[in-house]
Amino acid sequence: MTDKAQLRARLREARAKISPEAAGAAAQGVAGRALAFLLEKLGARDPASTPVALYASLPGELDSLPLLRALAEIGFPTLLPVAGAKATALAFRLWKPGDPLACGRFGLREPVATAPEMVPKILFAPLLGFDDSGTRLGFGGGYYDATLARLREGGLIAAGGLAFSRQRAERIPREKHDEGLDFVVTETEVFEFTEFSCASSSSAT
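Here's what I pulled together on the structure shown here. (Residues numbered from 1 in each chain as written. Predicted model: local features only at pLDDT ≥ 70, side-chain atom pairs only at ≥ 80, totals over all residues. Heavy atoms only, no water.)

### Describing helix α2 (residues 20-42)
The test is simple: Strands here are runs of E lasting at least two residues and helices are runs of H or I lasting at least four, both read from the DSSP assignment and numbered beginning at the N terminus. Expected helix span is taken as 1.5 Å per residue step, with the number of steps being one fewer than the number of residues. Each residue's exposure class comes from its accessible area (1.4 Å probe, protein chains only) as a fraction of the maximum for that residue type: buried when under 20%, exposed when over 50%, partly exposed otherwise. In what follows, residue pairs with any heavy atoms lying within 4.5 Å of each other are defined as contacts.
A rise of 1.5 Å per residue sets the reference length of α2, with its 23 residues, at 33 Å; its end C-alpha atoms lie 32 Å apart and thus fit the reference within 8%. Within α2 the residues assigned to the buried category are A26, A27, V30, A31, A34, L35, F37, L38, K41 and L42. Turning to α2, the residues buried within the fold contact α3 (65-73), β6 (122-125), β9 (158-162), β10 (183-185) and β11 (190-192).

### Quick look at the layout of surface pockets
If a probe the size of a water molecule is rolled over the atoms, the empty space left behind becomes visible. Heads up, the condition is: The distinction between a cavity and a pocket rests on a 1 Å grid over the protein atoms alone: a 1.4 Å probe fits inside a cavity but cannot get out, while a pocket stays open yet meets protein on both sides within 12 Å along at least five of seven lines, and a residue with an atom within 4 Å of a point counts as lining. Grid points are joined across faces, edges and corners, and a volume is the space filled by probe spheres set on the points. Amino acids are sorted into nonpolar (Ala, Val, Leu, Ile, Met, Phe, Trp, Tyr, Cys and Pro), charged (Asp, Glu, Lys and Arg) and polar (every other residue, Gly among them).
The calculated volume of the largest pocket comes to roughly 700 Å³. In terms of lining, the largest pocket is formed by 29 residues, of which the most central are R136, F139, G141, Y143 and Y144. Those elements that provide at least two residues to the lining of the largest pocket are α1 (2-16), β2 (78-82), β5 (109-111), β8 (136-137) and α4 (143-153). Sort the elements by how many residues they give to the lining of the largest pocket and α4 lands first, with three residues. Broken down by class, the residue content of the lining of the largest pocket amounts to 15 nonpolar, five polar and nine charged.

### Topic: the pairing of β2
Rules: A pair of strands is labelled paired if DSSP reports no fewer than 2 bridges between them. For crossovers, right-handed means that the path from the first strand over the helix to the second runs clockwise, given strands pointing away from the viewer.
Among the five residues that make up β2, five are buried, leaving the element largely enclosed by the rest of the structure. The side-chain alternation of β2 yields two buried faces, one formed by T78, L80 and V82 and the other by L79 and P81. Here strand β1 (residues 52-53) runs beside β2; their pairing, made up of two bridges, is parallel. Bridge pairing in β2 links A53 to L79. Between the parallel elements β1 and β2, the chain passes through α3 in a crossover that is right-handed. Judged from the four bridges that link them, β2 and strand β3 (residues 91-94) form a sheet pairing that is antiparallel. Among the inter-strand pairings, V82 is bridged to a residue of β3, identified as A91.

### Details of the side chain of T78
Under the convention used in this document: Think of a polar contact as two N or O atoms within 3.5 Å of one another; within protein, one of them needs to be a possible hydrogen donor and the other a possible acceptor, and neighboring residues in sequence only count if both atoms come from side chains.
Mapped onto the elements, T78 comes out in strand β2. Only 2.6 Å separates the side chain of T78 from the backbone oxygen of W95, close enough to count as a polar contact. Setting aside anything within four residues of it in sequence, one finds T78 in contact with V52, L68, L71, A72, R93, L94, W95 and K96.

### Some words on the environment of Y143
One can find Y143 in helix α4. Look at Y143 and you get buried, because its relative accessible area is 12%. Between the C-alpha atom of Y143 and that of Y55, which follows or precedes it by 88 residues, the distance is 13 Å.

### Some details on the sheet that holds β9
The line we're drawing: Orientation is described by axes fitted as lines to C-alpha atoms, over the contacting stretch for helices, and by angles from 0 to 180 degrees between their N-to-C directions.
Taken together, seven strands build an open sheet; the order of strands is β3-β2-β1-β6-β9-β10-β11 and the sheet is mixed. Each edge of the open sheet is held by one strand with a lone partner, namely β3 and β11. Contacts between α3 and the sheet are confined to β1, β2, β6 and β9, with β2 contributing the most and set at about 135° to the helix.

Right, dumping it as C-alpha cells:
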C-alpha cells in the first residue's frame, strides 16, 4: 500500500506539470487514436450494438469528452457511471453531449435518474497510472475493480484506459483483487495487453 501511495503522489505530480494547451491537444489525439482502434476491433459489427462506458473527467485527468463525442456521433451508445456505496460495482446510464448531468456521490457528475440504464460492452476506466502488464493504478476507492469483476462475468468485451504518456509506470504492484486492463490509449500510442475482438462477440441487450 505504501508503494501505491507513493506512486499515486508521483504520478499526480507528473500529470500536474502538463500545460492546459498540451492537455487539450493530447485529449484530441487520444480521441482519434482510440476511435480508430475501436473501429478496427469492431469489424463489421454495428456500433449501435456496442455500448461504451466512459467517465466525466475530473480536473487534471485526460479529458474523455472528445472521445465520448466522437463515439456518440457515429452511433455508439455512450454511458457514464453512477456510483453507490464504496467498493461496490457501478451502474451505467445512457448519456451523450448535451444531455443533462446531475451531481452524484462525492460530487461527481453523472446522468440523471431518468436516463436509461445499460450494460457496457467496452469500458474505459479512469486511472492515475498503468504499466506494461496492464495493471491499473486507480484512486483507491475500489469501484472499478468491483465493476470489472462483475462485468467480465457478464460478457464485457474489453476494458481500457485513457492516459497521458507520462502516466505510464515501470511497475505497479498488483493485489489479488486488482482487475487489469486490456488496453490503454495515450497521445503517442495504443498499448494492447490482451487480444480481443468486438466483431466476434454477441450483441448487447
